[in-house]
Amino acid sequence: KYSLRARQHPMLEYASTSPPARLPWLVDEAGAHVDYRKHRLFPSAKNHLTWRPCEAGGSRALVVIGDSYADDVDMGFETWPSQLARALPATLVNTARGGSRTPAALEQLARADRRLPPEQVPVG
């Protein structure tokens, strides 16, 4: 029987840190980093961690957890959190992942916390 859980099994994914060519806005700033996962069987890519420093060098950070609505890699366009970080301006730390459910929020938050520099103040 086919299960959606089988699509998210870690053995069926591989990591990639090369910037996706179709998402140039994710890596247009110096120091930006995109870490995403590609599926071995299905043509999908999901965000693992996107870090884009504040263009203005500010101390604010926007930490994003969530599902595909906040995942630029999965959606294929600049989602609202990326647009908000650019407008504030603030450093973007995005661990949203398409297909995520509520139990994944704590793991996403821990991943974001590991990446957030100590001098950055999350936007509350």
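Enquirer: Would you take a moment to explain the side chain of threonine 95 for this structure?
Expert: For threonine 95, the location among the structural elements is in the loop between β5 (91–94) and α4 (105–115). For threonine 95, the side chain forms a polar contact with the main-chain oxygen of glutamine 108, separated by 3.0 Å. Residues in contact with threonine 95, not counting those within four places in the same chain, are Asn47, His48, Leu49, Val64, Ile65, Gln108, Leu109, Arg111 and Ala112.

Enquirer: So what exactly am I meant to see when it comes to the pairing of strand β2 (residues 33–39) here?
Expert: The side chains of a regular strand alternate between both faces of the sheet. The element β2 is extensively covered by neighbouring structure, given that 5 of its 7 residues are classed as buried. The pairing of β2 with strand β3 (residues 45–52) spans 6 bridges and is antiparallel. Within β3, the residue paired with valine 34 across the bridge is threonine 50.

Enquirer: Sorry, what's going on with helix α3 (residues 80–87) here?
Expert: A turn of α-helix holds 3.6 residues, and therefore any two residues three or four places apart point the same way. For α3, the set of buried residues is Pro81, Ser82 and Ala85. Each buried residue of α3 sits inside an arc of 100° when the element is viewed along its axis, so together they form one side. Away from its buried face, by an angle of more than 90 degrees, α3 presents the exposed residues Trp80 and Ala87. Contact partners of the buried residues in α3: β3, β4 (60–64), α2 (72–75) and β5.

Enquirer: Please explain the packing of aromatic side chains as it appears in this structure.
Expert: Two aromatic rings, taken as a pair, are described by how far apart their centres are and by the angle between their planes. Applying the stated rule across the entire model yields 0 aromatic pairs. The ring of tryptophan 51 has arginine 115 lying over it, and the distance from NZ or CZ to the ring centre is 4.0 Å.

Enquirer: Looking at this structure, I do not really get the confidence of the model for the protein chain. What am I missing?
Expert: Atom-level detail of predicted coordinates should not be read off regions where pLDDT is low. Looking at the protein chain as a whole, the pLDDT averages 77, with 69% of positions reaching at least 70. Looking across the protein chain, the model is least confident in helix α1 (residues 4–7), with a mean pLDDT of 42, and most confident in α3, with 91. The low-confidence segment residues 1–7 (pLDDT under 50) makes 7 contacts with residues lying over four places distant or belonging to another chain.

Enquirer: Which parts of the structure should I look at to understand unusual backbone geometry?
Expert: For the bond running from leucine 88 to proline 89, omega is -15°, close enough to zero to count as cis. Relative to the assigned elements, proline 89 resides in the loop between α3 and β5.

Enquirer: It is not clear to me how the pattern of salt bridges should be interpreted in this structure. Could you clarify?
Expert: If charged atoms from side chains of opposite charge come close, those side chains can pair. Counted under the stated rule, the structure contains 5 salt bridges. Glutamate 78 is the partner of arginine 86 in a salt bridge, and the nearest nitrogen-oxygen pair spans 3.1 Å. For glutamate 78, a relative accessible area of 21% corresponds to the partly exposed category. Within the structure, one salt-bridge network assembled from shared partners comprises Arg52, Glu78 and Arg86.

Enquirer: Explain the environment of glycine 66 here, please?
Expert: You can see glycine 66 is positioned in the loop between β4 and α2. Separated by 32 residues in the primary sequence, glycine 66 and glycine 98 have C-alpha atoms spaced 7.8 Å apart. When residues no more than four places from it in sequence are discounted, the contact partners of glycine 66 are Ala96, Arg97, Ser100 and Gln108.

Cut-offs used in this document
Residues numbered from 1 in each chain as written. Predicted model: local features only at pLDDT ≥ 70, side-chain atom pairs only at ≥ 80, totals over all residues. Heavy atoms only, no water. Helix = DSSP H or I, 4+ residues; strand = E, 2+ residues; numbered from the N terminus. Polar contact = N/O pair within 3.5 Å; in protein donor to acceptor, adjacent residues only side chain to side chain. Contact = heavy atoms within 4.5 Å. Buried < 20%, exposed > 50% of the residue type's maximum accessible area, 1.4 Å probe, protein only. Pairing = 2+ DSSP bridges. Arc of directions from axis to C-beta. Phe/Tyr/Trp six-rings, centres within 6.5 Å; stacked < 30°, edge-to-face > 60°. Lys NZ or Arg CZ within 6 Å of the ring centre and 35° of its normal. pLDDT = per-residue confidence, 0-100. Salt bridge = Lys/Arg side-chain N within 4 Å of Asp/Glu carboxyl O.

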